[in-house]
Structure formats: structure tokens, C-alpha cells
Amino acid sequence: VSDRKTGVGCDQLISVHKSNDGISDCKIKIFNCDGSEAESCGNAIRCVGSELLNEIDKDNLLIETKGGLVDVEEQSDGMITVDMGLAKFNWDQIPLSHPQDTSDLMIQVGKLKKGVAVNIGNPHVIFFYENLVETQLLEDCKKVSKMKIFPSGVNISIVKIENKNKISLITYERGCGFTQACGTAACASVVVSHKLNLCERRTEVLMKGGMLIIDYLSDGHVLMTGSVSKVFQGVLNESIFT
């Protein structure tokens, strides 16, 4: 399904299920295009939330993910806001393979220096660099992604600070490579940038796939707001799964 030459084509495939916890409105599973399962995905949650909010005529939803429960709400302008939960910084919450200062992983791989680790539903490492050219950073990202310090893999984001209210971002995702956009990476990048006093708590994040507004609340929760566009819909023939 995710193969762009023989299937529909996608970075991630999301399946929606009935929830058994008696709390959430549904449960989703998130699969990268290489078949690996992700704990969370901000953009996927926003898309699923938008569809279900229209179907069941509600203003907000609670969605169960492998990374925890996530609240989704539709704004008056049609934008979708997702509460991605708390940003986590302890080494075992990322997770890392051993205790280490997550504010500086002391990575020295080509153009990628230091590295700040944070978990927002899934593991992220954030770097800062002025030239966001994927071809020039690809090999460095591949090397970092294979480092043993990340036992569950890691999403690698490279951030350019535009001003106090705007950052640009490219992300090399686990199981996907460089993608057009990544919601949890946008959240992680704003959290880290704010902690370094490089941006405000409310910041726009520019990516190839579009723009998100991230709010890093004083209680540690991270809100992600963005639009949703339906590209097409169809029915998969069951024979492709046999």
C-alpha cells in the first residue's frame, strides 16, 4: 500500500480501531512505510481526528495511540489542534541506551553537532544548522540513525531559527527517511528551541509540506495546530493482502 510505484503511496499507514479502554473514542496504529510501528504521529492524529470529528459530529476526540492518549479538537476556523501531551527529557524516557545528559548528546557526525534529545510520543534528536539542504545532510542523518545510543531508533530534525516566532525544519524519520512534514518533530523542535531561548512558546514551524503552529504550554503540554486536506479516497481490494 505504501509503495509509491505499486500502491497508493505514503510515508505512514494508519489503521483505526475501536478502543477497549472505555475512555477514548478510538485506537489507532501507525505504521511506517518500511513496516515498523511508530508510537505517535502528530500529522496522522490530526488527519484521523478531522475525519472522525466530521463523522460523529463532535467538537473533540480522545484517541488512543501506542504513545498514550491524545486529545483532538476542531477550531472555529476549521484548523485541528492536537494536545500531544508532555515533553519528556529523561534519558530512559527518550529512550537512550544508557544514562546521559539529554541536553547535549555530544554527537559529532559531519554537519550534525551536539544534539538534544526529547520524547513527544516518540524519540527525537534535534540539531541546529543554517542550510537545510537534504542532500547535504542525508549521509549524516543515516549515520546518526544507526547509533547504538538510540535502541528504539530516533527521528532526526535539523532546525534553522528564522526569528523568535518562526523556525524552519527538515526531519529524517525512522523507517521513512526525509519526509515533507512531521508533527511530533515540529513539537520537539519548538520545545528544544524554547528551552535554549531561541524562540517563544508559541511558534510557527515551516516545513516542505506546510506550516504548523506549536504552543509549548507552561505545564509542559505541547499543542499542535494545523490544517487538514483530503487528497482522495478509495477502496483497497482485499486480494492485495493475501
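Computed from a predicted structure; not experimentally measured.

What counts, and where the lines are drawn
- Residues numbered from 1 in each chain as written.
- Predicted model: local features only at pLDDT ≥ 70, side-chain atom pairs only at ≥ 80, totals over all residues.
- Heavy atoms only, no water.
- 1 Å grid on protein atoms, 1.4 Å probe; cavity = no way out; pocket = protein on both sides within 12 Å on 5 of 7 lines; lining within 4 Å.
- Points joined across faces, edges and corners; volume = space filled by probe spheres on them.
- Helix = DSSP H or I, 4+ residues; strand = E, 2+ residues; numbered from the N terminus.
- Nonpolar A, V, L, I, M, F, W, Y, C, P; charged D, E, K, R; others polar.
- Core = buried A, V, L, I, M, F, W, Y, C linked by side-chain atoms within 4.5 Å.
- Buried < 20%, exposed > 50% of the residue type's maximum accessible area, 1.4 Å probe, protein only.
- Contact = heavy atoms within 4.5 Å.
- Salt bridge = Lys/Arg side-chain N within 4 Å of Asp/Glu carboxyl O.

A. Representation of the layout of surface pockets within the structure. Roughly 1,900 Å³ of volume is contained in the largest pocket. Taken together, 43 residues form the lining of the largest pocket, with Cys-10, Gln-12, Cys-47, Ser-229 and Val-231 sitting closest to its centre. The dominant element in the lining of the largest pocket, judged by the number of residues it contributes, is helix 1 (residues 42-56), at 10 residues. Among the residues making up the lining of the largest pocket, the classes are represented as 22 nonpolar, 14 polar and seven charged.

B. Quick look at the nonpolar core. If you look at the biggest cluster of nonpolar residues, it comprises 41 residues, and the most contacted ones within it are Ile-120 and Ile-214. Here the element with the most residues in this core is helix 3 (residues 183-195); it accounts for seven residues. Beyond its immediate chain neighbours, meaning those up to four positions away, Ile-120 contacts Met-84, Ala-87, Thr-184, Cys-187, Ala-188, Val-191 and Val-222. Leu-105, Ala-117, Val-125 and Ile-170 belong to the second-largest nonpolar core, a separate cluster that totals 20 residues.

C. Inspection of the pattern of salt bridges at higher detail. One pass over the structure, following the stated rule, counts seven salt bridges. Here Lys-58 and Asp-25 are joined by a salt bridge, their closest N and O atoms 3.0 Å apart. Residue Lys-58 is found in the loop between helix 1 and strand 4 (60-65), and its partner Asp-25 is found in the loop between strand 1 (12-17) and strand 2 (26-32); the two are separated by 33 residues along the sequence. Among the residues examined, Lys-58 registers a relative accessible area of 34% and is labelled partly exposed.

D. View of unusual backbone geometry. Pro-95 follows Ile-94 through a cis peptide bond whose omega is 0°. Within the element layout of this structure, Pro-95 appears in the loop between strand 6 (80-86) and strand 7 (107-109). Look at Met-106: it is not a glycine, yet its phi comes out positive at around 55°. You can see Met-106 is positioned in the loop between strand 6 and strand 7. In the Ramachandran plot, Lys-114 falls in the positive-phi region, its phi being about 65° despite a non-glycine side chain. Looking at where Lys-114 falls in the secondary structure, it is placed in strand 8 (residues 112-114).

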